[in-house]
Amino acid sequence: MKVAAVRRVFFLVVPALAGCASLKPQASGEDFRMGASIAEDARAMPPYPAKWLERAPVRLEVCVEITVGERGEVESSRPLRDAPGCGMIEGEMARDFDAVVAQTVRTWRYMPSLLCRLVPGAEADGSCGNALERAPVPVLRAYRFVFERRAGAVHVGVSEADDR
């Protein structure tokens, strides 16, 4: 049985990595390339839960961590409550917003993230361009969804969880 280690992407914890598409590898002779979102401009956004249209705050944030598998599919998701602004709703409202976010992110797809073994002496640059071997790896990614009601309309936006 093959056991794959999940490479964590700490968008919430390491500010120096904010907005990065790739990370420096942990071991020399390795490189890591973060898989890009497929159809990022056209990816689905969660609907605003209808029963909360008049009762929810005018603006609220819902954060989620997703596990992206080796083939780029979203394997699982879990709500994040410990990031700034992410724990602002509770109870039934939190469950309803978490549910629409979870249903949506499961439809997202990514190019596979790669952990690469480099040609001896090659520098890691986040592209895996000088790789002898490329292995797809699962990764964790975090996102912040912002649900807003403005001028009688509902707006939903998303960003990496550290972008505010």
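As a reminder, the structure under discussion sits directly above these lines.
Residues numbered from 1 in each chain as written. Predicted model: local features only at pLDDT ≥ 70, side-chain atom pairs only at ≥ 80, totals over all residues. Heavy atoms only, no water.

Draft legend 1. Region of interest: the packing of aromatic side chains. Evaluation of the coordinates by the stated rule reveals 5 aromatic pairs. Ring geometry for Tyr48 against Phe97: centres 5.3 Å apart, planes inclined by 85 degrees, an arrangement best described as edge-to-face. One end of the pair, Tyr48, is in the loop between β2 (30–33) and β3 (59–68); the other, Phe97, is in helix α1 (residues 91–105), and 49 residues separate them in sequence. Across the pair, Phe97 and Tyr48 agree in class, each one buried. Residues Phe97 and Phe147 carry aromatic rings whose centres are separated by 4.9 Å and whose planes lie at 80 degrees to one another, so their mutual orientation is edge-to-face. (Phe/Tyr/Trp six-rings, centres within 6.5 Å; stacked < 30°, edge-to-face > 60°. Helix = DSSP H or I, 4+ residues; strand = E, 2+ residues; numbered from the N terminus. Buried < 20%, exposed > 50% of the residue type's maximum accessible area, 1.4 Å probe, protein only.)

Draft legend 2. Representation of the state of the cysteines in the model. Summed over all chains, the structure comprises 2 disulfides. Described in terms of the sequence order of its bonded cysteines, the disulfide pattern of the chain is 1-2, 3-4. (Disulfide = S-S within 2.5 Å.)

Draft legend 3. Structural detail: the pairing of strand β8 (residues 153–160). Note: strand β7 (residues 139–150) against β8, 8 bridges, orientation antiparallel. Among the inter-strand pairings, Glu148 is bridged to a residue of β8, identified as His155. Counted along the chain from β7 to the antiparallel partner β8, the turn is 2 residues long, and its residue Ala151 has a positive phi close to 50 degrees. (Pairing = 2+ DSSP bridges.)

Draft legend 4. Here's a closer look at the sheet that holds strand β6 (residues 131–137). Pairing within the open sheet is antiparallel, and its 3 strands lie in the order β2-β5-β6. Both edges of this open sheet fall to β2 and β6, since each of them pairs with a single strand only. When strand polarity is set aside, the average angle formed by the axes of neighbouring strands in this sheet is 25 degrees. Bridge count between strand β5 (residues 113–118) and β6: 6 bridges; the pairing is antiparallel. Residue pairing in the sheet places Arg117 in a bridge with Glu133 of β6. (Axes fitted to C-alpha atoms, helices over the stretch in contact; angles between N-to-C directions.)

Draft legend 5. Geometry of the side chain of Glu73. Among the secondary structure elements, Glu73 is positioned in the loop between β3 and β4 (74–80). For the buried residue Glu73, which engages in no salt bridge, the nearest side chain bearing the opposite charge is Arg71, 4.2 Å off. For Glu73, the side chain forms a polar contact with the main-chain nitrogen of Arg71, separated by 3.4 Å. Here Glu73 is in contact with Thr67, Val68 and Arg109, once residues within four sequence places are set aside. (Lys, Arg positive; Asp, Glu negative; His and termini not counted. Salt bridge = Lys/Arg side-chain N within 4 Å of Asp/Glu carboxyl O. Polar contact = N/O pair within 3.5 Å; in protein donor to acceptor, adjacent residues only side chain to side chain. Contact = heavy atoms within 4.5 Å.)

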